[in-house]
Amino acid sequence: MVVQASAAGSVLARIEFRGSSYPLVPVGDGFWGVFAIPVDAEPGEESLRVTFHDANRAQISEASATYVVSEIERDVEHIMLPPDAAALLNEDDARREDELRAEQFAQSDPDPAWTDAFRIPVSGGVTARFGSARSYDGGPVTSFHSGVDYGAPAGAPVVASAPGRVSWTGAMPLRGTSVIVDHGAGVKSGYHHLSRIDVAVDDVVAAGDTIGAIGSTGVSTGPHLHWEISVHGVNVDPLPWLFNSFLASGGMAPPTQTESEQE
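What this report covers is the structure whose coordinates are included nearby. Everything numeric here is computed off the predicted structure, so don't read it as measured data.

This part takes up the overall build of the protein. Counting secondary structure elements, the protein contains two helices and 20 strands. Each of the 263 residues in the protein was classed as buried or not, and the buried ones make up 47%. Just so you have it, the protein exposes about 12400 Å², and 50% of that area is on carbon and sulfur atoms.

The subject of this paragraph is the nonpolar core. Membership of the largest hydrophobic core comes to 39 residues, with the highest contact counts inside it found for Trp32, Trp114, Phe118, Tyr191 and Trp241. Looking at this core, the elements that each hand over two or more residues are β4 (25–27), β5 (30–34), β12 (148–151), β15 (176–184), β16 (187–197), β18 (210–214), β19 (224–231) and β20 (234–236). A total of four residues in this core trace back to one element, the largest contributor, which is β19. Ranked by size, the runner-up nonpolar core spans 16 residues in total, among them Ala13, Phe35, Leu48 and Phe52.

What follows covers the pattern of salt bridges. Tallying each qualifying case throughout the model produces twelve salt bridges. Residue Arg49 is joined to Glu16 by a salt bridge in which the shortest nitrogen-to-oxygen separation is 2.6 Å. Taken together, the residues Arg49 in strand β6 (residues 44–53) and Glu16 in strand β2 (residues 12–17) connect sequence positions 33 residues apart. Glu16 gets classed as partly exposed once you look at its relative accessible area, which sits at 36%. With its nearest N and O atoms 2.9 Å apart, the salt bridge here joins Glu97 to Arg175. In this pair, Glu97 sits in helix α2 (residues 91–104) while Arg175 sits in the loop between β14 (164–172) and β15, placing the two residues 78 residues apart along the sequence. On the basis of relative accessibility, which here comes to 1%, the residue Glu97 falls in the buried class.

Okay, the environment of Val179 next. Within the element layout of this structure, Val179 appears in strand β15. By relative accessible area, which is 0% here, Val179 ends up buried. Counting along the chain gives twelve residues from Val179 to Tyr191, while the straight-line C-alpha distance between them is 5.3 Å.

Looking now at the layout of surface pockets. Each pocket or cavity is described by its volume, and for the second largest pocket that value is around 660 Å³. Forming the boundary of the second largest pocket are 27 residues, of which Ile37, Pro38, Val39, Ile72 and Arg74 lie nearest the centre. When contributions to the lining of the second largest pocket are tallied by element, the ones reaching two or more residues are β7 (59–69) and β20. Taken together, the residues of the lining of the second largest pocket sort by class into 20 nonpolar, two polar and five charged.

A cluster of acidic side chains, namely Asp40, Glu42, Glu71 and Glu73, defines a negative patch on the protein surface. Along the chain, the position of Glu42 falls in the loop between β5 and β6.

An order of β1-β5-β4 is seen for the three strands of this open sheet, with the pairing classed as antiparallel. Of all the strands in the sheet, the pair left with one neighbour each is β1 (2–5) and β4. Each strand of the sheet is rotated relative to its neighbour by a mean of 30 degrees, with strand direction disregarded. Of the pairings in the sheet, the one linking β4 to β5 comprises three bridges and is antiparallel in character. Looking across to β5, one finds that Val25 is bridged to Trp32.

Thresholds, definitions, all that
- Residues numbered from 1 in each chain as written.
- Predicted model: local features only at pLDDT ≥ 70, side-chain atom pairs only at ≥ 80, totals over all residues.
- Heavy atoms only, no water.
- Helix = DSSP H or I, 4+ residues; strand = E, 2+ residues; numbered from the N terminus.
- Buried < 20%, exposed > 50% of the residue type's maximum accessible area, 1.4 Å probe, protein only.
- Areas by Shrake-Rupley, 256 points an atom, 1.4 Å probe, with all protein chains shown as cover.
- Core = buried A, V, L, I, M, F, W, Y, C linked by side-chain atoms within 4.5 Å.
- Salt bridge = Lys/Arg side-chain N within 4 Å of Asp/Glu carboxyl O.
- 1 Å grid on protein atoms, 1.4 Å probe; cavity = no way out; pocket = protein on both sides within 12 Å on 5 of 7 lines; lining within 4 Å.
- Points joined across faces, edges and corners; volume = space filled by probe spheres on them.
- Nonpolar A, V, L, I, M, F, W, Y, C, P; charged D, E, K, R; others polar.
- Patch = residues over 30% accessible without salt bridge, like charges linked within 9 Å, V, L, I, M, F, W, Y side chains within 5 Å.
- Lys, Arg positive; Asp, Glu negative; His and termini not counted.
- Charge placed at Lys NZ, Arg CZ, Asp CG, Glu CD.
- Pairing = 2+ DSSP bridges.
- Axes fitted to C-alpha atoms, helices over the stretch in contact; angles between N-to-C directions.

Below, the structure written as structure tokens:
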């Protein structure tokens, strides 16, 4: 969901969306932001509210809108895991994974670093798409696929899909060896199951820079890249980002924010 709004005389704007508040990015004579709805959200009508503020942070106006969350029927993937990977599917590791993800998405650089659509991060074909329901070892559906999988040989280079700053590197119980790149405005990309990490936290990367190599760490059935894009911590389908930058109409003007805000 892309939000664009304008209000004369405003220097700051915030959006209240699904129980949280986020700053919007000034662009031209208005404001912009991109937001996401979780795959498992309940269908129905919801509302959002944008407030506009002056230089003293006093609210000067507001606007609201409604939108509809629609249910999408999704395929079920039945996955059989090797014993060493299956052993990782336990409550303690799942809880640790959730803690690490909360750390990774606790804040974001305020302004968007990208200007174009994202690029494919590895040379290989798609082996699993975003959003499919997943059953492991014959059990019930317990999750939805949170990214796109690309099959590729072990050791093949993995590149940044867009400009940004490396905000997290390390090992995750389920996603394995991972790199997170912060692209600003709440948008981050994740590169998981790597065999090697070639960047460090706070490195600034351009689209196409090598950040690691294909592996099969974590819960994995073989060498591949699990690529994720998240918006304010909510995973979205990465494939549309290969064809749409989701920036303000006509492209983003250089940031004019006079005071950075981070969530």
